[in-house]
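So the chains spell out like this:
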Amino acid sequence: MTDLPGLPATKPARPYFSSGPCAKPPGWSPEKLDTAVLGRSHRSKLGKTRLQYAIDLMRELLKLPETHRIGIVPGSDTGAFEMAMWTMLGAKPVTTLAWESFGEGWVTDAVKQLKIDPTVIRADYGHLPDLAAVDWSNDVLFTWNGTTSGVRVPDANWIPDDREGLSFADATSGVFAYEIDWTKIDVATFSWQKVLGGEGGHGVLILGPRAVERLESYTPAWPLPKVFRLVSKGKLTEGVFKGETINTPSMLAVEDAILALEWAKSVGGADGLIARSDANAAALGKIVAERPWLGHLATDEASRSRTSVCLTVEGADEAFVKAFAALLEKADAAYDIAGYRDAPAGLRIWCGATVDTADIEALGPWLDWAYATVRAQLAA
Ligand SMILES: Cc1ncc(COP(=O)(O)O)c(C=O)c1O
C-alpha cells in the first residue's frame, strides 16, 4: 500500500469524455442559446429560417458539394441510417461491413428485419475487414468510425468512382473529425450529439445524386412508416432538405446545434475541428505510450480512431473497468470512460473536437491513480 500514488494535483477542467452524448463545446452555457424560436411553430417563417440556417452551417462546415443534399430527420443517427436502409435497400444485392457493435446493428437490420440476405464481411474488435475485398456491384453499408472498437476506415480511397452500388456511411463519430471525400459517398448519416457536442434526437441525412436517383426510381417491397418517407408521387420531398422536417423537431436541439456549429466556425471550421481532434488523440497516444499497462485496442495506427479511442488495460476484466471508471467518476476526474458493453473490457476516451487537449493531458496521472487504487483494492 505504501507505493499507492496520492491524488494528482490537477483535475481535467471539464471531465467529460463520454463517446455520446459528447462534451459540449468549450464555453457552452444554456444562456447562450437563442430562444426566440421556442414556443413558435417549426413551420413559422422564423422556425424554417433557423432550420435552414442549421443546414447551411452544416453544409459549409462539412464542405459538402452542391451535388449532395443535407436534411434533418427524426431518430438521431439510428433514425437517419435506418431511413436510408428502409427506403433504398432491396434494389440490388447488399454487402454490410461490421467490425464492432454499431456496424453489427446494421447487419441485424438487414438480415432479420429487411431479410435481404446480405453478404456480411466482419472483423474482430480492434481490426478492419479487408476493404479491398468489397464487391461494388452491391450496395455497401459501413461505419466510418466504429465507436465501440475505435477502428475507422482510413479514408475513402477504397470506394471506386465507378461503383455500381451505392455507398452508405454511418458517419456519426466520423464527420467533423476526418476529411471526407464526398464524391465517394452516396448516403451518409450522423447526429449532433457526437463531434459537435450537440443533442441527440435528430439525425442528419446526406444524399448524393445517385441516392436520389434510387429513391425516385425504386419502391421497396416493405411498408414505410411516415417518419421514413422521403418520396412523394415518385419525386424526392425536397422540403426535407430545406428545413421542412417530416414531423416536429426539437427547436431547442436545433438551437443547440446552431450554437455548436457557430463555435465550430470560430475555431477554424472543419480544419479547426480536425486539428483539435488530432491533437487530443496525439495527447492520449502519448499517455498510452508512456504506460506499459495501457494499450490501443486498434492495432493499426492508420485505422485507429481519433474520436472514440479505445484502450486495453493490462489484467483488467469487466469488474476492474467498472470499478476504475466509477472511481474516476466519483473523483470528478473523468466521466463515462468505461468501454462499450459489447466491446472487450477496456476504456474508451472521447477525443473529438469539443474536448480540450489540456484535459486529456491532465487525465494521465488520474489513470495511474485509478489503476493503482483498484489493483490495491482487489488485492486486499
Ligand atoms: C457508429 C454509431 N452508429 C450509430 C450510433 C447510434 O447513434 P444514435 O444514438 O445517435 O442514434 C452510434 C452511437 O453511439 C454510433 O457510434
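These numbers come from a predicted model, not from an experiment.

What counts as what
- Every chain's residues receive numbers from 1 upward, in the order its sequence appears when written.
- Local features in a predicted model are, by the rule used here, given only for residues with pLDDT of at least 70; side-chain atom pairs are given and counted only at 80 or more, and totals for whole chains, interfaces and linings are based on all residues.
- To obtain the side-chain values, all non-hydrogen atoms of the structure were used and water was disregarded.
- Numbered from the N terminus, helices here are DSSP runs of H or I no shorter than four residues, and strands are runs of E no shorter than two.
- Helix span is expected to be 1.5 Å times the residue number reduced by one.
- Buried residues are those whose accessible area, probed at 1.4 Å on protein chains only, stays under 20% of the maximum for their type, while exposed residues exceed 50% and partly exposed ones sit between those limits.
- Residue contacts are counted whenever heavy atoms from the two residues lie within 4.5 Å of one another.
- Note on definitions: the grid is 1 Å and covers protein atoms alone; a cavity is a set of points where a 1.4 Å probe fits but cannot get out; a pocket is an open set with protein on both sides within 12 Å along at least five of seven lines; lining residues have an atom within 4 Å of a point.
- Grid points are joined across faces, edges and corners, and a volume is the space filled by probe spheres set on the points.

What about unusual backbone geometry?
For residues other than glycine, phi is negative in most cases, and the peptide bonds are mostly trans.
1) Next: Of note, the amide linkage connecting Gly20 to Pro21 takes the cis form, showing an omega dihedral of -10 degrees.
2) Next: Looking at the secondary structure, you find Pro21 in the segment before helix H1 (45–62).
3) Next: If you check the backbone angles, Asp117 has positive phi at about 50 degrees while not being a glycine.
4) Next: By secondary structure assignment, the location of Asp117 is in the loop between helix H3 (101–113) and strand E3 (119–122).

Remarks on H3
1) Next: A rise of 1.5 Å per residue sets the reference length of H3, with its 13 residues, at 18 Å; its end C-alpha atoms lie 17 Å apart and thus fit the reference within 8%.
2) Next: Here H3 has its buried residues at Ser101, Gly103, Trp106, Val107, Asp109 and Ala110.
3) Next: Along its buried surface, H3 packs onto helix H2 (76–88), strand E2 (94–98), E3, strand E4 (139–143) and strand E7 (167–170).
4) Next: Just downstream of H3 lies Lys115, where phi reads positive at about 55 degrees.

Describing the layout of surface pockets
1) Next: Looking at the largest pocket, its volume works out to about 390 Å³.
2) Next: Forming the walls of the largest pocket are 25 residues, and the residues nearest its centre are Ser19, Gly20, Lys194, Tyr340 and Arg348.
3) Next: The set of elements that each furnish at least two residues to the lining of the largest pocket consists of H2, H3 and helix H7 (318–330).
4) Next: Top contributing element to the lining of the largest pocket by residue count: H2, with three residues.

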